[in-house]
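The chain contents come next:
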Amino acid sequence: MDEANAIPAALVLLDYFGIAVFAVSGALVAAEKRQTLVTFIFFAVATGVGGGTIRDLLIGAPVFWVHTNATLIICIAAALLVWLVSGRRLTGKALLWFDAAGLAAYSTYGAAKALGFGVAPVPAFAMGVLTACAGGIIRDLLAGEPSVLMRPELYVTAAAMSAGLFVALTVVGLGGSVAALTAAAAGFALRGFAISRGWSLPAYRD
């Protein structure tokens, strides 16, 4: 399937936005660890393309960053931006908010791309969640930080909100840019409330 025909331009822009903010979040982790510029770039690239790479391999699509220059340029530019701006201005809460924006954008786009390649709605929902979460998991593993999957905060749930809402709206006939923006906004809002108000899921009790 021709991806350019399957996915509206607004969704492609959402994809680039997700790549950029996830790349920034990866570089911010390198800043917190006081690493070199090479490590900044490596973390930015790994975080920016990790989830989308796994998604494309699973749905049988060409890996999205291999045949274009734009994706790696965005990741490198994000790393350079974080390198040049004072780390004290960007680390801490900024990392959480950049990650939240990327989570919402990327989960929506991941679900849209899966649907565009003929994936059934439920697996497409799963691909959206995977697209959004895998890059952050890779970033945390590389940095030696506890994975977000091991914390009770609303993270995967926010990705599921965006991906699930987009798939549901598409199934009922409200697809494209309206569904994408609505779904991304909902996921970002849920994650934002989790960050600002400490919302979390209840932990298992024996």
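Fair warning: this is a prediction, and the values are worked out from it, not measured in the lab.

Draft legend 1. Unusual backbone geometry, seen in detail. Although it is not a glycine, Arg34 adopts a positive phi angle of roughly 55°. Its location among the elements puts Arg34 in the loop between α2 (9–32) and α3 (37–59). A relative accessible area of 76% means that Arg34 is categorised as exposed.

Draft legend 2. Structural view of α3. Compared with the 33 Å implied by 1.5 Å per residue over 23 residues, the 34 Å span of α3 between its first and last C-alpha is a close match. A bend of about 40° at Val49 is the largest found in α3. Just beyond α3, the residue with positive phi is Gly60, at close to 75°.

Draft legend 3. Representation of helix α8 (residues 156–171). Between its first and last C-alpha atoms α8 spans 22 Å; for 16 residues at 1.5 Å apiece the expected length is 22 Å, and the two agree. Regarding α8, the residues found buried are Ala158, Ala159, Ser162, Ala163, Phe166, Val167 and Leu169. Remark: Gly173 follows α8 within two positions and exhibits a positive phi of approximately 100°.

Draft legend 4. Geometry of the environment of Gly52. With respect to the helices, strands and loops of the structure, Gly52 is situated in helix α3. With relative accessibility at 0%, the residue Gly52 sits in the buried group. It is 26 Å that separates the C-alpha atoms of Gly52 and Ser200, two residues lying 148 residues apart in sequence. Every residue in contact with Gly52, bar those within four places of it in the chain, is listed here: Phe64, Tyr106 and Thr131.

Draft legend 5. Local environment of the UniProt feature "domain: Glycine transporter" (unreviewed entry) in the protein chain. UniProt records the feature "domain: Glycine transporter" (unreviewed entry) at residues 13–85 and 96–169, using the numbering of this structure. Spanning residues 13–85, this segment combines 79% helix with 0% strand, and its end C-alpha atoms are found 25 Å apart.

Draft legend 6. Representation of a nonpolar patch on the surface. Together, Ile76, Leu80, Trp83 and Leu84 give the surface a local cluster of nonpolar side chains, amounting to about 390 Å² of exposed area. On the basis of relative accessibility, which here comes to 70%, the residue Leu84 falls in the exposed class.

Draft legend 7. Here's a closer look at the UniProt feature "transmembrane region" (unreviewed entry) in the protein chain. The feature "transmembrane region" (unreviewed entry), as given by UniProt, occupies residues 6–30, 37–58, 64–85, 124–142 and 154–172 in the numbering adopted here. Counting secondary structure, residues 37–58 comes out at 100% helix and 0% strand; the distance between its end C-alpha atoms is 32 Å. Note that residues 64–85 is 68% helix and 0% strand, and that its end C-alpha atoms are spaced 29 Å apart.

So, how was this worked out
Here the residue index of a chain counts from 1 through its sequence in written order. Local features in this predicted model are restricted to residues of pLDDT 70 or higher, and side-chain atom pairs are both shown and tallied only at a pLDDT of 80 or more, whereas totals for entire chains, interfaces and linings draw on every residue. Excluding hydrogens and water, the side-chain figures rest on all heavy atoms present in the structure. Strands here are runs of E lasting at least two residues and helices are runs of H or I lasting at least four, both read from the DSSP assignment and numbered beginning at the N terminus. Think of it in three bands: with a 1.4 Å probe and only protein chains considered, a residue is buried below 20% of the maximum accessible area for its type, exposed above 50%, and partly exposed in between. A helix is expected to reach a length of 1.5 Å times the quantity of its residues less one. Bend, at a single residue, is the angle you get between axes fitted to the 7 residues ending at that residue and the 7 residues starting at it. Contacts are assigned to residue pairs with any non-hydrogen atoms lying within 4.5 Å of each other. UniProt positions are given in the numbering used here, feature names are shortened, and annotations may be inferred rather than shown by experiment. Patch members must show over 30% relative accessible area and no salt bridge, and they are joined within 9 Å when carrying like charges or within 5 Å when they are nonpolar side chains of Val, Leu, Ile, Met, Phe, Trp or Tyr. Accessible surface area values rest on a Shrake-Rupley calculation with a 1.4 Å probe, where residue burial reflects the displayed protein chains alone. Each reported salt bridge corresponds to a side-chain nitrogen of Lys or Arg within 4 Å of a carboxyl oxygen of Asp or Glu.

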